[in-house]
Every structure is written in C-alpha cells, then in structure tokens.
Amino acid sequence: MSSSENTFQAVAGQDQTKNIIKLAILAVGGQGGGVLSDWIVDVAERNGYHAQATSVPGVAQRTGATIYYVEMMAASDRDPVFALMPAPGDVDILIAAEIMEAGRAINRGLVTADRTTLISSSHRMFAVSEKIVPGDGRADSAVVLAAGQEAAKSFICFAMDKIATETKSHISSCLLGALAGSGALPFPAESYRETIRASGRGVSASLKAFDRALDQAKTQEPAQNTDQIAPTDSITVPTDLAGPKVLVGKYNSLVKRIQSLPQPAQEIAARGLNKVIDFQDLAYGGEYLDQLEKAAIADQQAGGEAQHFRYTKELAKYLANAMAYDDVIRVADLKTRGTRFQRVRREMDVDAETVMQITEFMHPRATEFCGLMPHRIGRFVESRPKLVRLLDRMVNRGRRVRTDAILPFLSLYLVSGLRRWRRALLRHHIERAHWLEWQARAQKALTTDYALAVEIVLCRRLIKGYSDTHIRGLSKFDRVLAGGDLVAGRSDAADWLRRLREAALLDEKGEALDGALATIHSFIDDTPKAASA
Amino acid sequence: MAERSFKKEVQQLKIGAGEEFRGEGILAITKALLESGVGYVGGYQGAPISHLMDVLADAQEILGELGVRYEANATEASAAAMLAASVHYPIRGAVAFKSTVGTNVASDALANLASGGVTGGALVIVGEDYGEGSSIMQERSHAFAMKSQIWLLDPRPNLPSLVKAVQDGFELSEASNTPVMLEVRIRACHVHGVFTAKDNKAPPLTVRDALKNPQRKTDRIVLPPAAFTHEQEKVKTRWPAAVNFIRDHKLNEMFGPKTGKTGIILQGGMYNTVIRALQRLGLANVHGDSAIPLYVLNVTYPLIDSEFLEFCEGKESVLLVEEGQPNYIEQAFGAMLYKARHKVSLSGKDYLPPAGEYTGAVMVDGITNFLRDADPAMLPARHRAPNKPVEDKTFDDLVKTVPARPPGFCTGCPERPIFAAMKLVEQETGPHQIAADIGCHLFSIMPPFEIGGTTMGFGLGPASNGAFDGGGDKRAISIIGDGGFWHNGLTSSIGNAVYNKSDNVIMIVDNYYSAATGGQDILSSRADNPTKSTQHPIADALKGVGVKWVRQIDRTYDVTKVRDTLKEALTTTETGPKVIVASSECMLNKQRRERPIQAKAIGDGKRVVKPRFGVDEDVCTGDHACMRLSGCPSLGMKSLEDPLRDDPVASIDESCVGCGNCGEVADAAVLCPSFYRADIVHNSGRFERAMARFSQRIIGALQNRRAKNRLTFGEAA
C-alpha cells in the first residue's frame, strides 16, 4: 500500500471547509440543470478557482426532480478534496429552478439560516399528483415563500420563467443571472457573460435573460405569489361593454336592479348577469335577476343580514354557472367569436399576417343531438333506445373542424345561431328543471338551517365538464345531496355536507366520497330517528 | 445516434502526453482505455455508463486509427462473452455496463470467463447504480466478484485515480490471469474534473492480426476435467498472484499518521465522503491530510490480510466504511482478526447504517459516534458535529405541501397515448393482469396511468406473464419496449409465448431507440447508421419466430386506433400470442434531430408548418379529465381572474411540441371540445396567403355581423 506522509494536527470541532463554496441546484428534468452547473464550473475556473461538479441524473432527467452539486475554492499549489454530494446544513448557495423544488431543498435541510443564499424561480411546474385532482389540487406556493424567508439567510425569488419566455431563452440563463446578481459568489458579472458567450449556443438570447435576471436579483422586491386567484373584492366588473344602443339601455336598467340586491352579493351578481346575457340574451338576464331577487327576500327573512347574505351571494355565483350551461350552442358560439380568434393568435404569438390553421376537436354523440331538438321531439327520441342507438351510429364520431376555413366555420356559426331558439330545446328544459329543483331544495333548508342552505348552493360546483365527466359530476352532486338528507336536522348537517363536497372533489371515481358517506351511515344507521329524517 | 452528441468530448480523446483532460469521470475512463493499449471495447448502455458507450460510438474514427474494435453489444451477456478474445490471445479488452442489473445478465459469461482465466487483460467496468438517483434494485456488484472470483477495483472518485485504476486493472488482470471488475459509482461517473493525459497506445496485437493465426488451448475451456483444474488454479495460483501484485504495486493507499489509537478503513469510492466528514470535524484539512490513519481499499476483492493486520497493529479500534449490504468486507476482516487472535476492535455497520447510501450526513454521524466511544479526545467537548443544522428546524406544513416529483413521460412522448388508450380500454372492460418491463414505458406504473404490476427485468415483461399463458376469463397483457425486445425479449419473452401457445396480449412499445438509456440505435432503429445495421422491423422478427397475430401501428398518437386494436387483441378468437407493435419516434430524439433542420428550412424561406395545441379557457370547465389521461409536462393549469370560476383550467405552455395526444384523447375519450390545434405556417405561398386572407375576410364579416347585434363584454365575460 502506498502512503502519504502529509498528516494533520487535529483541531477538534473546527470545520476546515470554510473556504470551500458549496452550491446545490435542484431542478426538474429537462430544465437544463446540467447546463447551469457546467456554466457555474466554467465561471469558477475563469476566476482561478478549483471547481468540481457532479450529479445523479439517471432517469430523473425524464421530468423528475433532479439535483446537481458544485464545490469550488480559490486555487492553490495543492488540489482540495471536494465532496460529491450536498449535506444538510452545509450548503452556501441553493438554486431551485421551480418554487416547489425550493421547498424540497428546505425539507432536505439543504437551506439553513446561518449561511444559505436561496435562489429560486417563483413559477410553478405542476406535478402530476396536483393535476389529476378533479377540483383544485395545486400545492400552495405561499407556504414555500413563507418557509423560504424563514429558512434561508437570504432568499431571491421572482418569476424567471416569464423572463425566459420574453427573451426566448431558458430558465438556466435566468438562474445564472440571479446567481450573479445575488453576489453570493466572488466573481464579476462579466466573467459570467464570457462563459455564456463561450458556450456558443443561443448566446444573445441567453445574455438578454441573464442581464434582466441579474438586475432583478439586485433590486429584489419581496417574492409575490403569482398563481393564486385574486380575492373577489379586488376585482371590478369589466366595463368594455359594446352593442346596439337599445340593448345597452336595457342592460343598464337590469344593472340598476342589482342595486336592490344585498350589497355583499352585488358584485358577483353583476358578473353573473354579464355571464348569462353573454350566454343567451337580455331577457335571460332578467330571469336570472328574478330568481336572485326571490332568493334575496328569502335570505332576508332567514336572518341573512347576520350572515352577510352569503346565501344570495353564493347563489348569484352558482346560478349564473348553472344557467350558462355548456351546450353545443355555447361551444360553437365561443369558438366562432372574433375575440377568440384574436386570443388564439396572441397565445400562439403570431401576427395577423401569418397564416394559421385552427383545428377543433369535437365529438358529438346522440345525447348532444337530442339536446338540440325541440324538447318534445327530443324526449320522444330519447324514450326509444333503438332510435337513440341508430342516431348514435349516425353522429357519434370524432370531428375535426377547421374553423379557419369558411365552410367548417359556417357550420359552427350556424349551430351557434340556434341560440335564438335555445329555450325551446330539450337540453334547456333539462337544465332549467335541474336548477329550479336545486334552488327549491336550498330555499327549503334556508328556513331551518342557513348554513346548510348555503352548502347546498355550493354543491353546484360539482357539476362541470362534458359527456361522461358531466354525467359523473351530476351523479356526485346527487349522491352528496342525498348524503346531506341523511344528516338533515342535525346541528352539524352543514359541516357534513361540506365534507362530502370536498371529498367528492378529491378523486375522479369518488372513492373519497364513498368513504365519507360510509362514515355517515356508520353513525346514522343505529339511530333510526335520524335515518328516517 | 444518441440523445447527446459527444463530438466535442471525442476531440479530447485525441490529446497526447502532458496535455490536460477536462471532463466527466466516465470520459476519463474512456481516455484511459486508449492510453492502456486496449484492443477491443464494448458494452451495453444504461446509467451511469451510457456516456461511455455514446463517446465510443462517436469516437469510431479515432478507434479505427488505433486499430481498436468497438462493438455495441446487444446485451451485457454479449459484452461479457466478447471478453473471450482475451482468453487465448494477449489482447486487452474492456466492456462496460450498468450494475447490478447488467452484471446479472452478464453473469453466465463472466463465470465462464473467470473459470478458464485470461491471457490478455480483461476489464469489466461496472457503473454501480446505487443510492440517490438509482433506477434499479439496491444490490452490490461485490457478490459477483466473490462468486466467480473476479478482482474488484473501487478507486477513489477523482479523475487521476480512475485513470490509474484502469491501467492497474489491466496489469492486475494479466499478472493473475483473472478478469478484473472496475466499480464506479454514479457520482464518480458524472464528476467533472481534470487529469494529465498520456499518449494513446495502439494495441500490440490487434484483433485483426489475431485472426491471422488463430489459437486454442483445450485446458482453458470450461469442461471437465479442465473445469476442476480451473477451480484449483483460482486459489492456488491466481489468488496469490493477485495478492502479490496488489501489495507490491501498492494499489491500496494509506493516509494520515502511521500510528494512532484509532483508524478508518474505507472503500476507495467512499474516500471523498469520509474526508469531508473528517474536514467538518476538524480532523482533516481541505487537501485531505488526515489526523486519523486511513487505509483506503482501492481493491475491495481480494483483501490483503498482511496489509490489513499491519494497519490494525497498535490500534485499539478501527472503523470500516463499507457501503451497501451484506457487509462482505466486514465479515472477511472479522475472520482475519479472529484467526490472527488480534485484539483490535473492529466496527462497521454498528456505527454506520446497515443499509442505504452513505451520504455526507450519515458519515458525519457515523464517525462522530465511533470516535465518541473509541477516542473522545478527537471530538470537541460538545461531543457533536458542529456543522449539523444549527436549528434543526422542520417546516411541517411545507413537508405536507411539496408534491413528489417522480420521473415521467417527456413532453410529446409517443408512449403516453399508448397508455391513455390502455386506460380507456380498462375503463370499459375493467382491470387486467398487466406485466411491465424495463424502459421509459415503466413510467406507466405511476399516476395518471397506474398500469402494470411487476417488472422482472429487461425484455422479460411478457415472460413474467408466463404463468398466465394458459389463458382464463380475461387475457393477461404485457408491455415490452423495443430496447428490451432486442436485448433478449425476442427469445425469452416472444419465443417463450409462442412455444407455450400463450393466449395473452403483448404490447411492444417501439420508439426507434433504446430511449431510456439515452437514445442509442438498435436493430429496429429507423435511422441510417454508418457503422451499424439498422431498419430491421420488429414485426418481421415476430413473424419469424412464429407469431400469427401481429398488428403494426405506425402512429401511436392515434389513441382511437390503439384502443380499438387492443380491444381486438383482447377479444379475437385467434390462438397464440396477440402482439401489437406500437411505433412512433421518441420525441426527445425527434426534436433533437428535427429542430435544427426546421429552423434552417424556415431560415431558407421554405414552407414549414409548426403545430401547437391550445385550450379555450372559457370552454374548459376545469375538471382535469384530460390530465388524468395525459400527465404531459406542457399541459398545465392556470387560474382565471374570474370569481365565478372555482377550479383552475387547463393550459398548454410554449413547450408543447404539437404531438397531438391532447386532441386525440379528447376525441377518443369524448372529453370536451376545449382543445384546439394551431398550425402556424412559416413562409406560406402567395396563393395560400391570398386564400387565407379571403376566408379571414368572410369569417371576419360574419363575426362582426353577430357582434353588432348583441351585447359584448370584451374578453372578460
């Protein structure tokens, strides 16, 4: 065995790695974490530092969370011995290419208040587990932002994805810029730029992104949580109203009626009014307000004052959604509007001159066609399975509609024109019956249990989507309300209904809902009184 | 054509004596092979040694000049078998693969090679895929070395040490007529560092020359009585020869003071982590000079009794740092001490965890705890590592918040629609017995698809449904990739199913490459490969081994077709295995290939159509049904600034490559009409533009007509 004579006098408990800069990068596979760590090594070596980078990509490169690790130290006659992986409590700079990865780093103990500069982009790349939830399964960035402020020595966090998109560059260039701007490394910004130039690919775009991120990192304003819904009261009703004078006049008189509604419900009611008018016509808006006014009175009588008229407010929201149901006519209408065409060009980032073809993916079935029939004929057909099967064979197939071409556009345009006769069509009769029954149910509860009534209104959220998804939503809606009936009369009835609704939004098949219902049965079934209620 | 091009790195393989090599550990090893006068190289890709195979593939010009034969072996078994060239001929050969999975496959050939022994140096480079980032079962290559008596090198993870290990390995192999395994851990493979190069050496005898005068020695062939002689040789001549070589050439290293109360014995691969722990405890400086004697095992098999006992001499206790389990080395050392009646106390997995990766934190704790008992004077009064997080603060709600992010299908992956179709079939027919295989397609076991119950090895998906070949109420389904198919699936899985008259369904996922390992070409790749023979259709091979029911799908994105074909396979009255070949190019490689071409075409003013998908946010109801059939990274969510809406709606970002899955799924599953495809036409022709303008005018007129007669609320409504 070979042996080196160099020995070292122990200095118990004194960390000998103070001069080593330890930097970890947490990225999502495909974000260019490798490029970034190569750049950082290059910058370090340009500045006369020893640097070592390593990583464990493997299959994590395929969209998974992945980590890169760099150590560097001013060069001397002898090489230092660097570590190959970050250790909790021993990281100087932590770069996260996505905000939840910053959270992951904190959870791994790689971010500590005594030393770690935490640099993260505030944007979200949602994990599959967040996306497959039927409701809102998104993890809350605010939790990470709060933890970051507490856990790190300094926390630099802003929307780098935005800069990357605007400069047509990549997140890695922005992260390098933020690193340079943070001043956490003893290297001049110009040496970073040299590194980018030397890399030779997409240099000008990378430099743009780098410089913008560098400036923003220097003038760091506290990270804002970009992705959550802004609170209702901060939003004002859109005013860019346009149309024939006569209609505008009628509209204004409808808007006046809103003033008579309880104040807390007014803003939502105004938005709801716009939505249903946009869906059908002014008269429809009238029908909407008629129902709200009735509800408001009932609300008043039920002592809604004390409840800030939550009942009317929530009804204003969910009635609008119920009345603006997603039928073929609405889809055709939305797809054929000029504003929509402009939005598509904006989203695709193409000017009006560039030729762009738009293909819609439609898959109508017999049900949708029956829905388009005058309701008596529709019912007649629907009550004859053979006929429905025949119809289904004729119509049920995927249709690709080129809405940028005249004829296909015209076909959708004509369908949307059926709006005029909508009230007479089967689908409308079904939907109308449904929302009337739902309101009746809620108002009945209102007299005895205000909170329960509000919860019944909120259950409308369960109904969304098209075809099978829509049917599944309806059945969840029914099962939740049926579950509500089981506990009706109990003091915690409203609370149970809320639990059921939230459970129903957790998974597609409704397994969580089944669980919740089972719980209810477990304590209902042995108390016959409640069960019969 | 691999996912990454190494043309730049390849230039470094040419550099000569005195020049500085900069790069990854795995590339340093490649350069070291050329400096050692290797005669032939081969192997099978797989993290962490894929880059070695890719570099060799890109370096064939240089290899040709040196007269080095490069073989991209079909399997690790083929690779190990290739080392047979070093049995009778004095030619150095090296093969590389992922371990332990690759070593499992290679073990038949390795055992035969080790029995007869070698004349020329035979080096097996195993990329130990263990610990964080690993994609396989957690085992040790050490067991293979012991069972076949192959020497095992575990060098310190820095470039000079890795390079030296390659050269030592060949010499040790030749000195002891035994193949040598060079174990490199995943981080060592990817470590970026520097070493001073030597000139490349052409092999003294090339494989070409060897063919001029063929040689054979019957006593080297594994057949009785020779096989019994081989076993005796192993212990009587080869083992002692190896031990002498390792001791005389000082392959193992000693650091720190000669004497001391305690000492630490470690695998070479553990060196940096141990030193870091000592540095943080104030027991070593940044250059690795240690206050505690260190015995570094760059060779972990065989162990050198005399060296070990010498190191233990005069010490009260020693700590052995041995990663992975079982603790083979600890057991061996224990036996040595017992036989030597030695009083030193040997510690190992009593202070360090019995299983799992030895990370920085684990090492600091382990060594601290050892010293607390063995030599407290080495520790500060506090008796604890100072650098542990000062406030060991955990953020409970944060732990609950951060979602897991396992690897999954890339944006536009052609495998996604296949599993979307499978999920649709299962929604109709109920769940089936489904066996998965190895490859990107194994991501199907995770949400949103959750398809596949077992993975028994590369190319063994259908074979792992063997017990169900007899059939039953529902047919069993198995999945296998094109990589696994050519690795050994054709015989082990397909042949097995045909011969046993299997009634089951086999889905072959053909993405034109060995994709999960980095997009290397294989027999059925569509690309023209100048040095390899490609474009051999899988369907032909299937018919060749007697599969009657074969369906070839040339566009996996056609979800409806995949779904209906699978349903047919599950219901047809045809006997024997039903095999579907679903083919579409790996999107990662397709983009890498086509992006530059497309960009150039646009630059040259040629007509190019770029598709991208979008979602009409006012049509989308936020039920996320599409995502439960996709999980595509580019298909995300966004909130609408509309208090009437509760749930975030689907939204597609600019990373979308327009693969078509979203539209096809929306159609096949009858989801919703929110998706649209926008085909942006670059450099459109004059006529095309005129037509577009014309229809735009008509459409615009119709839109204005309607807008004029109704109230509009801008986009906010």
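Sequence order as written defines residue numbering, which begins from 1 separately in each chain. Working convention: letters from A go to chains and numbers from 1 go to ligands, in the order in which they are written. pLDDT decides what is reported in this predicted model: residues at 70 or higher carry local features, side-chain atom pairs at 80 or more are listed and counted, and totals for whole chains, interfaces and linings draw on all residues regardless. Side-chain numbers come from the whole structure's heavy atoms, not from hydrogens or water.

Engineer: Describe the overall build of chain A, and please don't skip the residues or the numbers.
Structural biologist: Within chain A one finds 24 helices and nine strands. The quantity called the radius of gyration is restricted to C-alpha atoms. Its globule counterpart is 2.2 Å times the number of residues to the power 0.38. Over its C-alpha atoms chain A spans a radius of gyration of 30 Å, topping by over 25% the 24 Å that the globule rule assigns to 533 residues. On the principal axes, the C-alpha backbone points of chain A span a range of 100 × 65 × 50 Å. Sequence-distant contacts in chain A: of pairs separated by 6 or more residues, those separated by 24 or more amount to 72%. Of the roughly 22100 Å² of accessible surface on chain A, a fraction of 55% belongs to carbon and sulfur atoms. Strands here are runs of E lasting at least two residues and helices are runs of H or I lasting at least four, both read from the DSSP assignment and numbered beginning at the N terminus. We call two residues contacting when some pair of their heavy atoms lies within 4.5 Å. Computed with the Shrake-Rupley method and a 1.4 Å probe, the accessible areas treat only the protein chains shown as cover for residues.

Engineer: Account for the overall build of chain B, with residues named and values stated.
Structural biologist: Of the regular secondary structure elements, chain B holds 24 helices and 23 strands. Relative accessible area decides the class of each residue, using a 1.4 Å probe on protein chains only: under 20% of the type maximum gives buried, over 50% gives exposed, and in between gives partly exposed. Evaluated residue by residue, chain B yields a buried proportion of 62% over its 717 residues. Partitioning the contacts of chain B with sequence separation of at least 6, the portion at a separation of at least 24 is 78%. Here chain B displays about 26800 Å² of accessible surface, and carbon together with sulfur accounts for 55% of that area.

Engineer: Which residues make up a nonpolar patch on the surface, and what are the values?
Structural biologist: Residues and elements named next belong to chain A. A contiguous nonpolar patch, built from Phe380, Leu387, Leu390 and Met394 and spanning about 360 Å² of accessible area, is present on the exposed surface. Sort the elements by how many residues they give to the nonpolar patch and helix α17 (residues 385-395) lands first, with three residues. Relative to the elements of secondary structure, Phe380 occurs in helix α16 (residues 375-382). Patch construction takes residues with relative accessible area above 30% that form no salt bridge. Like charges are linked within 9 Å, and nonpolar side chains (Val, Leu, Ile, Met, Phe, Trp, Tyr) are linked within 5 Å. Only one rule defines a salt bridge in this text: a Lys or Arg side-chain nitrogen within 4 Å of an Asp or Glu carboxyl oxygen.

Engineer: I'd like a description of the sheet that holds strand β17 (residues 505-510) of chain B, backed by residues and values.
Structural biologist: Residue and element names in this part refer to chain B. Two strands qualify as a pair provided DSSP detects at least 2 bridges between them. Within the open sheet, the five strands sit side by side as β15-β16-β17-β19-β18. Their pairing is parallel. Two strands lie at the open edges of the sheet, namely β15 (434-435) and β18 (549-553), each paired on one side alone. To define axes, lines are fitted to C-alpha atoms, for helices over the stretch in contact only, and angles between the resulting N-to-C directions are given on a 0 to 180 degree scale. Its contacts with the sheet put helix α19 (residues 482-499) on β16 (477-481) and β17, and the angle it makes with β16 is roughly 145°. Of the strands in this sheet, β16, β17, β18 and β19 (578-583) are in contact with helix α21 (residues 559-571), which crosses β18 at around 175°.

Engineer: Residue-level account of the confidence of the model for chain B, with values.
Structural biologist: For every residue, the predictor states its confidence as a pLDDT score lying anywhere from 0 to 100. On average, residues of chain B score 95 in pLDDT, and 98% of them are at 70 or above. Confidence metrics for the complex model read pTM 0.95 and ipTM 0.94.

Engineer: Help me get a handle on the interface of chain A and chain B, residues and values and all.
Structural biologist: Of the residues lining the interface, 163 residues belong to chain A; the matching set on chain B comes to 151 residues. Contact between chain A and chain B buries roughly 13200 Å² in total, counting both sides, with carbon and sulfur atoms accounting for 57%. Where chain A meets chain B, there are 19 salt bridges. A salt bridge links Arg405(B) to Glu101(A), with the shortest nitrogen-to-oxygen separation between them at 2.6 Å. Distance and chemistry together define a polar contact, namely a pair of N or O atoms within 3.5 Å, with one atom able to donate a hydrogen and the other to accept it when in protein, and with adjacent residues in sequence counting only for side-chain atoms on both sides. Put simply, chain A and chain B have 62 residue pairs in polar contact (both at pLDDT 80 or more) between them. Counting residues per element, the side of chain A that touches chain B draws most heavily on helix α14 (residues 338-348) of chain A, which supplies 10 residues. Grouping the constituent residues of the side of chain A that touches chain B by class yields 73 nonpolar, 43 polar and 47 charged. Using a 1.4 Å probe, buried area is obtained as the accessible area two parts lose upon being combined, added over both of them. Residue type decides the class: Asp, Glu, Lys and Arg count as charged, Ala, Val, Leu, Ile, Met, Phe, Trp, Tyr, Cys and Pro as nonpolar, and the leftover types, Gly among them, as polar.

Engineer: Before we move on, could you go through the packing of helix α11 (residues 282-301) of chain A against helix α12 (residues 310-323) of chain A and cite the residues and values that matter?
Structural biologist: All names here are of chain A. At their nearest, the axes of α11 and α12 sit 10 Å apart, and the two run at 155° to each other. As judged from the angle between their axes, α11 and α12 are roughly antiparallel. As α11 runs across α12, the sense of the crossing is right-handed. Every residue of α12 that contacts α11 at Tyr284, Glu287, Tyr288, Gln291, Leu292, Ala295, Ala296 and Asp299 is listed here: Arg310, Tyr311, Thr312, Leu315, Ala316, Leu319, Ala320 and Met323. The residue inventory of the contact of α11 with α12, partitioned by class, reads 11 nonpolar, two polar and three charged. Put simply, angles under 35 degrees are roughly parallel, angles over 145 are roughly antiparallel, angles from 65 to 115 are roughly perpendicular, and the rest are oblique. A crossing counts as left-handed when the near helix is turned anticlockwise from the far one by less than a right angle, and as right-handed when that turn is clockwise.

Engineer: I'd like to hear about the confidence of the model for chain A, residue by residue, with values.
Structural biologist: Detailed conclusions should not be drawn from predicted coordinates in areas where pLDDT is low. Per-chain confidence: chain A averages 92 in pLDDT, with 93% of residues scoring 70 or above. Contacts for the low-pLDDT stretch residues 223-235 of chain A, under 50 throughout, to residues beyond four places or in other chains number 30 contacts.

Engineer: Give me the environment of Asn589(B): which residues, what numbers.
Structural biologist: Residues and elements named next belong to chain B. In this fold, Asn589 is placed in helix α22 (residues 587-603). Here Asn589 falls in the buried class, since its relative accessible area comes to 0%. Separated by 71 residues in the primary sequence, Asn589 and Gly518 have C-alpha atoms spaced 8.9 Å apart.

Engineer: Explain helix α19 (residues 426-448) of chain A residue by residue, including any values.
Structural biologist: All names here are of chain A. Under the 1.5 Å per step criterion, the end-to-end length of α19 is 34 Å for 23 residues, consistent within 8% with the ideal 33 Å. Here α19 has its buried residues at Leu426, His428, Glu431, His434, Trp435, Trp438, Gln439, Ala442, Ala445 and Leu446. Among the structural elements, α11, α12, α15 (366-371), α16, α20 (450-458) and α21 (467-487) are those in contact with the buried residues of α19. An expected span of 1.5 Å times one less than the residue number is assigned to each helix.

Engineer: Describe the domain arrangement of chain B, listing the residues and the values that go with them.
Structural biologist: All names here are of chain B. Once the domains are mapped, chain B shows domain 1 (12-248), domain 2 (253-399), domain 3 (416-589) and domain 4 (607-708). What counts as a domain boundary in this text is fixed by an automatic or database domain assignment. Centre-to-centre, using C-alpha coordinates, domain 1 lies 29 Å away from domain 2. Facing 25 residues of domain 1, the contacting portion of domain 2 comprises 29 residues. Summed over both partners, the interface of domain 1 with domain 2 comes to about 2300 Å²; 56% of that surface belongs to carbon and sulfur atoms. Together, Tyr130, Arg140 and Arg156 form the three largest contributors to the area buried by domain 1 at its contact with domain 2, with a combined 31%. Inspection of the domain 1/domain 2 interface yields four salt bridges.

Engineer: Now, about the pattern of salt bridges: what can you tell me, with residues and values included?
Structural biologist: One pass over the full model with this rule turns up 92 salt bridges over all chains. Ionic pairing is found between Arg108(A) and Glu132(B), a salt bridge with its closest N-O pair at 3.1 Å. Of the two residues, Arg108(A) is situated in the loop between α2 (99-107) and β6 (117-121) and Glu132(B) in the loop between β5 (122-128) and α8 (142-148); the pairing between them involves two chains. Judged by its relative accessible area of 34%, Arg108(A) falls in the partly exposed class. The partly exposed category is assigned to Glu132(B), whose relative accessible area is 25%. When the shortest N-O distance is used, the salt bridge between Arg156(B) and Glu253(B) registers 2.8 Å. Of this pair, Arg156(B) sits in the loop between β6 (151-153) and α9 (159-176) while Glu253(B) sits in strand β9 (residues 253-255), and the two are 97 residues apart along the sequence. For the pair Arg156(B) and Glu253(B), a shared accessibility class is recorded, and that class is buried.

Engineer: Residues and numbers for unusual backbone geometry, please.
Structural biologist: Residue and element names in this part refer to chain B. Of note, the bond from Ala47 into Pro48 is cis; its omega dihedral lies within 30 degrees of zero at 5°. Mapped onto the secondary structure, Pro48 falls in the loop between β2 (40-43) and α3 (50-58). Here the phi dihedral of Gln149 falls at roughly 55°; this positive angle occurs in a residue that is not glycine. Structurally, Gln149 can be placed in the loop between α8 and β6.

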